[in-house]
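Read off the chains here:
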Amino acid sequence: MEYVAFSIAIIILFGLLFNKLFTKIKLPGLLGMLILGVIIGPYFLNLIDQSILNISGDLRVIALIIILLRAGFGIHMERLRKVGTSAIKMSFIPDIMEGLTVMVVAHYLLGLPIIEAGMLGFIIAAVSPAVIVPQMLSFIERRMGTKKGIPLIILTGASVDDVVSITIFSIFLGIYGGQQIDYFKEVLSIPLSIGLGILFGLILSFILIYLFKRFDIRATEKTLIVFASAILLKNLGDSLDSIVPIAALVGVMVIGFVILEKMPEVGRQLAEKFGKIWIFAEILLFVLVGAQVNIYLAASFLFVGLAIIVIGLIARSIGVYLSLMGSNLNFQEKIFCIFAYIPKATVQAAIGAIPLSMGVASGEIILAIAVIAILFTAPLGSFAVSFYGEKALESEEP
């Protein structure tokens, strides 16, 4: 128990320190926390207790729930209507273009069988809400790019992007395992899963709104109730996954969105509370993602891995540009959206090791390239968004 407490203290104190240091030298704070995770993780100094690493997946999901709730509380109906079409296209076109490109390139460069290359493609293709959402919320708070709804396009598109990636990855994994795959059914499961996620999020939202109107509950207690309800929704989605797919994390965003629409004052209070909780959750998330990174494994596939990732990012960038054609965004704003769709972290850390654990022949290679994707794209994308966003996004007068 003492060593667990020591590990948590190390994560918090040094997480805050690295965050501040990197921010001070004009680099993204999350880069500092990722590097800290690598340093104190099991592959270097080994200062994090194994019991924390054993539940790090759950802790990362909790942190992701917090940031998606914050994202929901940052979405306004009127602005969502304006950017709806662009957000829908951004949710699947870049992802599919990158995933298929990585699949083909990995097949030829690494000699991976096409099914295993497909698994790699859609592990790599998923964009990271954990990296993107805090930055987009910062732009929304400063009313930068909000006139054209640019942060909102990215927020909503990125949350669905992951659902698409994970579903297609699961199809390839099923084929590898010799399961009979109904391709039409699997493809249909993507919109079904998103729709059910939204439906469950709506139901839960209206239950919470009824409770908040019916009973006198303090803002802090409301925050805890919403937080716990969102975790239960995620667990429900996981439990029902074998029966019917539910994009529970999309439902989590819906909770914040509906409460803000129906109870604006309560929504603003909760947004502020979750902003404070995020200070701790952010440290936990990025340090633990960094701790999962096996730098020795990544080093053995560094150059070929980078080549595959860069080619995939070029395909994703073309996909983003195609998705935004016909929108009212200018060239600089489209380039900003391309940068915002670079970072990888959460999904790669969560599912990168699944092929290896299930005995896939090239599981070790897949995990190594997933690790390289985190190390290369998370800091690069985060820095590009921070730096270029200040130049490209117009500030809206309050």
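Note that the coordinates shown come from a computational prediction; the quantities given were computed from them, not determined experimentally.

(A) Representation of the overall build of the protein in the model. Helices and strands together make up the secondary structure of the protein, namely 19 helices and zero strands. Oriented by its inertia axes, the alpha-carbon framework of the protein measures out at about 60 × 55 × 45 Å. Counting only residues that meet the buried cut, the protein has 55% of its 398 residues in that class. A separation threshold of at least 6 residues defines the contact pool for the protein, and within that pool the share at least 24 residues apart is 81%. Element-wise, carbon and sulfur atoms account for 68% of the exposed surface of the protein, whose accessible area totals about 17400 Å². In the protein, which carries 27 positive and 26 negative side-chain charges, the distance between the mean positions of the two groups comes to 9 Å.

(B) The packing of helix H15 (residues 302-323) against helix H16 (residues 331-340), seen in detail. In the contact formed by H15 and H16, the axes pass within 9 Å of each other and the chain directions differ by 135°. Comparing their axes, H16 and H15 come out oblique. Seen along the crossing, H15 lies across H16 with a hand that is right-handed. Seen from H15, the contacting residues are Ser317, Val320 and Tyr321; seen from H16, they are Phe331, Lys334, Cys337 and Ile338. In terms of residue class, the contact of H15 with H16 is made up of five nonpolar, one polar and one charged.

(C) Representation of the packing of aromatic side chains in the model. Tallied over the entire structure, the rule returns eight aromatic pairs. Look at Phe18 and Phe22: their rings are 6.4 Å apart centre to centre, the planes differ by 15°, and that puts the pair in the stacked class. On the criterion of helical spacing, the pair formed by Phe18 and Phe22 is a turn pair, its members being four residues apart in helix H1 (residues 2-24). We note that Phe18, like Phe22, is buried. When the ring of Tyr321 is compared with that of Phe331, the centres are 6.4 Å apart and the planes differ by 65°; the resulting orientation is edge-to-face. A residue pair is termed long-range when its members are at least 10 positions apart, and Tyr321 in helix H15 and Phe331 in helix H16 qualify at ten residues. The ring of Phe215 is capped by Arg214, whose NZ or CZ atom sits 5.3 Å from the centre of that ring. For Lys222, the ring lying beneath its charged end belongs to Phe212, and the centroid distance is 5.8 Å.

Conventions we followed
Residues numbered from 1 in each chain as written. Predicted model: local features only at pLDDT ≥ 70, side-chain atom pairs only at ≥ 80, totals over all residues. Heavy atoms only, no water. Helix = DSSP H or I, 4+ residues; strand = E, 2+ residues; numbered from the N terminus. Buried < 20%, exposed > 50% of the residue type's maximum accessible area, 1.4 Å probe, protein only. Contact = heavy atoms within 4.5 Å. Areas by Shrake-Rupley, 256 points an atom, 1.4 Å probe, with all protein chains shown as cover. Lys, Arg positive; Asp, Glu negative; His and termini not counted. Charge placed at Lys NZ, Arg CZ, Asp CG, Glu CD. Axes fitted to C-alpha atoms, helices over the stretch in contact; angles between N-to-C directions. Parallel < 35°, antiparallel > 145°, perpendicular 65-115°, else oblique. Left-handed = near helix turned anticlockwise from the far one by under 90°. Nonpolar A, V, L, I, M, F, W, Y, C, P; charged D, E, K, R; others polar. Phe/Tyr/Trp six-rings, centres within 6.5 Å; stacked < 30°, edge-to-face > 60°. Lys NZ or Arg CZ within 6 Å of the ring centre and 35° of its normal.

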